[in-house]
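Chain by chain, the residues:
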Amino acid sequence: MNSGRCAACRYLRRRCPPDCIFSPYFPPNNPQRFASIHKIYGASNVAKLLLRLPTHLRAEAADSLNFEAQRRIEDPVYGCVGLIFLLQQHIQNAESQLAKTQAEIAVMKSQAQHSQTSQFEAESDFNNLLHQQLDTVENLSFSNQTSSGFM
Amino acid sequence: MASSSSYNSPCAACKLLRRKCMPGCIFAPYFPPEEPQKFVNVHKIFGASNVTKLLNELLPHQREDAVNSLAYEAEARVRDPVYGCVGAISFLQRQVQRLQKELDAANADLIRYACNEIPTGLPTAAGSSSVQPLTPRNRPSEFNRRIGNEGGGFYQPPGAFPLPYSFPWNDNSSGDMNDGGGEGGM
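None of these values were measured; they are calculated from a predicted model.

1. Concerning the overall build of chain B
Thought 1: Check the secondary structure of chain B and you find five helices and zero strands.
Thought 2: Taken from N to C terminus, the helices and strands of chain B fall in the order α-α-α-α-α.
Thought 3: The proportion of buried residues among the 186 residues of chain B is 41%.
Thought 4: In chain B, once contacts between residues fewer than 6 apart in sequence are set aside, the share between residues at least 24 apart is 61%.
Thought 5: When the accessible area of chain B is evaluated, it comes to approximately 10,000 Å², of which 51% is carbon and sulfur surface.

Quick look at the structure:
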């Protein structure tokens, strides 16, 4: 039945059998998908690959093959390896950026704490001086009262 | 640069294909006889005739890189018949996203410190500032937006591709390892 053929069998111009290995993953409404995969891998290689896999994994395999084939068509030199390089570069840049930012935070933290400690110490010294002066004043007034006797 | 085959030593491709390695063999510069597995993988996944067509469409100076990337993809597919090197791409994308989040959080902290919003636990004297206000760090524009939304053809699978297995660059710090995928029968 010609109208029931999957995209692969249409492309290959053959009858689509009931147990066609391609038909679950290459529906007739998306002919480009099989065309890309066929261009890069070839029909028999894809069939062998899918046949070796358990049924429940074949859909994911077909999707990943499609992705790789598309990337290879777009970039015949590097394919999806170019994407891997790009991602690795992004990761390196991000890690370096993160390290710099974290170092800046550490510096700002220690600056802030040092500054706060210095202020605290200055206030503490001032308070001590104040207490000393108060003590002096108190001692003076007490000794004055004592020395002057009873008014 | 791979050495070309000598007249009495066929390249790995012609050895596997059991044919005479002619002068000008398109495979000879890139598949030396000392590395047989490289062509075995490439032939298994792509097929010799597809590789020939691919190489013929490229300029000579591009072919070595093309062969090396094909060999990489083929090896990844042999190791992982379900995801091939797409598994590595998914993993790396997750790493990029994780780092982006960490970077965003770190930059937010930096801005808060610069504005003195993070308490340090000690009283500040009135009228004095303990920290010189800093301008927020200028990040390269690529980190000011989410990595992955650029028009660079990033992989967006219809359903997320789980991680098939550990790659050499797996840092094990991400909790995204999927233990349910990648079972490929060979």
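Having seen the model, we can carry on.
2. Some words on helix α3 (residues 43–51) of chain A
Thought 1: Listed as buried for α3 of chain A are A43, N45, V46, A47, L49 and L50 of chain A.
Thought 2: Of the surrounding secondary structure, the elements contacted by the buried residues of α3 of chain A are α1 (7–12), α2 (31–40) and α4 (55–74) of chain A together with α2 (36–45), α3 (48–56) and α4 (60–79) of chain B.

3. Looking at the pattern of salt bridges
All names here are of chain A.
Thought 1: One pass over the structure, following the stated rule, counts seven salt bridges over all chains.
Thought 2: Notably, a salt bridge pairs D63 with R33, separated by 2.9 Å at the nearest N-O pair. In this pair, D63 sits in helix α4 while R33 sits in helix α2, placing the two residues 30 residues apart along the sequence.
Thought 3: Assessed through its relative accessible area of 13%, R33 is described here as buried.

4. A short note on the packing of aromatic side chains
All names here are of chain A.
Thought 1: Within the structure shown, the criterion is met by eight aromatic pairs over all chains.
Thought 2: Note on Y11 and F34: the rings are 5.7 Å apart at their centroids and 70 degrees apart in plane angle, and the pair reads as edge-to-face. Note that Y11 is positioned in helix α1 and F34 in helix α2, a separation of 23 residues in sequence.
Thought 3: Overall, the relative accessible area of 42% leaves Y11 in the partly exposed class.
Thought 4: Between F22 and F26 the ring centres are 6.0 Å apart and the planes differ by 70 degrees, which places this aromatic pair in the edge-to-face class.

5. Here we look at the nonpolar core
One recurring pattern in soluble globular proteins is that nonpolar side chains are buried together.
Thought 1: By size, the foremost hydrophobic cluster in this structure holds 53 residues, and its most contacted members are F22, F26 and Y41 of chain A together with C11, F27, F31 and F46 of chain B.
Thought 2: Mapped by element, the contributors of at least two residues to this core are α1, α2, α3 and α4 of chain A together with α1 (12–17), α2, α3 and α4 of chain B.
Thought 3: If near-sequence neighbours (up to four positions away) are discounted, F22 of chain A is found in contact with C6, A8, L12, R14, F34, A43, V46, A47 and L50 of chain A.

6. Observations regarding a nonpolar patch on the surface
Thought 1: Together, F126, L130 and L134 of chain A line one region of the surface with nonpolar side chains, adding up to about 300 Å² of accessible area.
Thought 2: Within the secondary structure, L134 of chain A sits in helix α5 (residues 81–148).

7. Regarding the side chain of N45 of chain A
Thought 1: Tracing the backbone shows N45 of chain A in helix α3.
Thought 2: Judged by its relative accessible area of 11%, N45 of chain A is buried.
Thought 3: Side-chain polar atoms of N45 of chain A contact the backbone oxygen of Y41 of chain A, separated by 2.8 Å.
Thought 4: In this structure N45 of chain A touches H43, K44, I45, F46, G47 and N50 of chain B, once residues within four positions along its chain are discounted.

8. Points about helix α5 (residues 86–114) of chain B
Thought 1: For α5 of chain B, spanning 29 residues, the distance from its first C-alpha to its last is 42 Å, which sits close to the expected 42 Å at 1.5 Å a residue.
Thought 2: Backbone geometry just downstream of α5 of chain B places N116 of chain B in the positive-phi region, at approximately 65 degrees.

Calculation rules
The residue numbers shown here count from 1 along each chain, following its written sequence. Note on labels: chains are lettered from A, ligands numbered from 1, in written order. The predicted nature of this model means local features are confined to residues of pLDDT at least 70 and side-chain atom pairs, given and counted, to a pLDDT of 80 or more, with totals for whole chains, interfaces and linings taken over all residues. Side-chain figures throughout are based on the complete set of non-hydrogen atoms in the structure, without hydrogens or water. Elements are defined by DSSP. Helices are runs of H or I of four residues or more, strands are runs of E of two residues or more, and each kind is numbered from the N terminus. Buried residues are those whose accessible area, probed at 1.4 Å on protein chains only, stays under 20% of the maximum for their type, while exposed residues exceed 50% and partly exposed ones sit between those limits. In what follows, residue pairs with any heavy atoms lying within 4.5 Å of each other are defined as contacts. Areas reported here follow the Shrake-Rupley algorithm with a probe of radius 1.4 Å; residue values treat only the protein chains shown as occluding. What counts as a salt bridge is simple: a side-chain nitrogen of Lys or Arg found within 4 Å of a carboxyl oxygen of Asp or Glu. Side-chain rings of Phe, Tyr and Trp, where Trp is taken by its six-membered ring, are said to pair if the distance between their centres is within 6.5 Å; with planes under 30 degrees apart they count as stacked, over 60 as edge-to-face, and otherwise as tilted. What we call a nonpolar core is a set of buried Ala, Val, Leu, Ile, Met, Phe, Trp, Tyr and Cys residues that are connected through their side-chain atoms within 4.5 Å. Patch definition: residues with relative accessible area over 30% and no salt bridge; like charges joined within 9 Å; nonpolar side chains (Val, Leu, Ile, Met, Phe, Trp, Tyr) joined within 5 Å. Pairs of N or O atoms within 3.5 Å make up the polar contacts considered here, provided that, within protein, one atom can donate a hydrogen while the other can accept it, and that residues adjacent in sequence are counted only when both atoms are side-chain atoms. By this rule the span expected of a helix is its residue count minus one, scaled by 1.5 Å.

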